[in-house]
Amino acid sequence: MEAYFENVRSFVGIAFILLVAWGCSSNRRAIPYRYVLIALAIQAGIGILVFTVPGLQDGLAGVTGIVSALQAATLEGTQFAFGHLAGGEAPYDQTRPENSFIIVFQVLPMILVVSTLAAITWHWGILESICRGLGYVFRRLLNLSGPAGLGAASSVFLGMVETPMVIRPYFNRLSRADILLVMSAAMATVAGTMMAVYIALLLPSVPDAGAHIIAASFMSAPGAIAIARILEPPEAAARHFEEQKMPKFYQSTMDAFMRGVQDGLSVFLSVIAMIIVSVAIIALIDNTLAAFAPEIGGEALSAGRIVGWLFSPIMFAMGIPWADCMEAGQLLATKLMLNEFLAFLDLTAMTDAEIAPRTRLIMIYVLCGFANFSALAIMIGGMSAMCPDRRDDFMQLGLKSLMGGFLANMVSGAIVGTMF
């Protein structure tokens, strides 16, 4: 009976999230409710397929094996370069081997490998064809313009800067509604490079992490389309765009290899810098609160506790047990204010005694998206460089796109809560 009420609460959470989006709409009368419902149905349908079709779940779980193989291959390279720092045999006797895990050398280098493979498969036309096929489905089912459909589809595999690059030739003619849709989709999903990292992080606690991370990114794309169409409805029917040749990113396979390594290195260093600065800022805030704020419940006041209290009611409405709402609220705040990588690190550090399996699964779907302020700044900067004439539109729609991606991730989590 308790599980039944938790599932019902998740339905309430979905309704609440959509109500928030409706309240922030720029033109409620123009909302294309039919296509919003279709997009939400696609989002829910993906979740239903993952949780009810054994063959599909097993197939997606096979990605876990691929990631394990990538991780093993990456470790060969990192151990060759960094030796025992990357998990190789230590040249001394270890008294506390549990402390020998160094994330910078043993997990993050996978970003370099996946980035390179993504660049090569894009140059070969494999990844591009997949994005075009998914974009065609979005365009036909959701009445999207060609560039909007392609941009939303590309966000499932590419980063928040690479996604706009795919539709760069169309930027000057895109409507504000379509720009918000593409930006929201980029905020709601994660790049393939980060998918592999999150799967590797979650494998010890979630054996079928591959299936859930991939499903989360696929679910959030139509979810972002639905939320974006509520926040900024299109003023007219989808515009027709003449087919234009896709931008040529790479001149040859070797060029794709080199550029993939360079792009991966940029992401790799950015993630390391973000971790250092984010953890330092949190420590600074917590130390300041501990020094000047009184203890509450026998514990020092911290930023995590404050935001945990703020987000707890929302987590409860999404179907998370009340005992876990504080921890879930802190994870959600970490994702929004800092980044999803730190939130995933915190999630993997929590044992089954600290949070319920239901909470862990819902939070995987909620956290799987780039929707945070630092990612938003990176995306706006990249898009402004691609199309300076639309910079004002990018700036004005920035916070709305962050909201769109953030709410789409929450809808995905709540949908999972109705089925688990």
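Our subject is the structure listed above.
It should be emphasised that the depicted structure is a prediction, and the values quoted were computed from it without experimental measurement.

Participant: In this structure, what is going on with the packing of aromatic side chains? I would like to understand it.
Facilitator: The description of two aromatic rings rests on the distance between their centres and on the angle between their planes. Enumeration over the complete set of coordinates arrives at seven aromatic pairs. Ring geometry for Phe 171 and Phe 394: centres 5.5 Å apart, planes at 65°, overall edge-to-face. Of this pair, Phe 171 sits in the loop between helix 8 (162–166) and helix 9 (176–188) while Phe 394 sits in helix 18 (residues 391–419), placing them 223 residues apart in sequence. With a relative accessible area of 1%, Phe 171 lands in the buried category.

Participant: I keep staring at the pattern of salt bridges and nothing clicks. Help me out?
Facilitator: For side chains of opposite charge, pairing can occur when their charged atoms come near one another. Counting across every chain of the model gives eight salt bridges. The shortest N-O distance in the salt bridge between Lys 400 and Glu 232 comes to 3.1 Å. Of this pair, Lys 400 sits in helix 18 while Glu 232 sits in the loop between helix 11 (209–231) and helix 12 (253–292), placing them 168 residues apart in sequence. A cluster of three or more residues bridged by salt bridges with shared partners is formed by Arg 176, Glu 232, Arg 390, Asp 393 and Lys 400.

Participant: What is the right way to look at the packing of helix 17 (residues 373–386) against helix 18 in this model?
Facilitator: What describes two packed helices is the angle between their axes and the distance between those same axes. Here helix 17 crosses helix 18 at 155°, and the two axes come no closer than 10 Å. Classified by the interaxial angle, the pair formed by helix 17 and helix 18 is roughly antiparallel. Read as a crossing pair, helix 17 and helix 18 show a hand that is right-handed. Only Arg 391, Phe 394, Met 395, Gly 398, Leu 399, Ser 401 and Leu 402 of helix 18 make contact with helix 17, whose side of the interface consists of Phe 373, Leu 376, Met 379, Ile 380, Met 383 and Ser 384. By residue class, the composition of the contact of helix 17 with helix 18 is nine nonpolar, three polar and one charged.

The rules behind the values
- Residues numbered from 1 in each chain as written.
- Predicted model: local features only at pLDDT ≥ 70, side-chain atom pairs only at ≥ 80, totals over all residues.
- Heavy atoms only, no water.
- Phe/Tyr/Trp six-rings, centres within 6.5 Å; stacked < 30°, edge-to-face > 60°.
- Helix = DSSP H or I, 4+ residues; strand = E, 2+ residues; numbered from the N terminus.
- Buried < 20%, exposed > 50% of the residue type's maximum accessible area, 1.4 Å probe, protein only.
- Salt bridge = Lys/Arg side-chain N within 4 Å of Asp/Glu carboxyl O.
- Axes fitted to C-alpha atoms, helices over the stretch in contact; angles between N-to-C directions.
- Parallel < 35°, antiparallel > 145°, perpendicular 65-115°, else oblique.
- Left-handed = near helix turned anticlockwise from the far one by under 90°.
- Contact = heavy atoms within 4.5 Å.
- Nonpolar A, V, L, I, M, F, W, Y, C, P; charged D, E, K, R; others polar.

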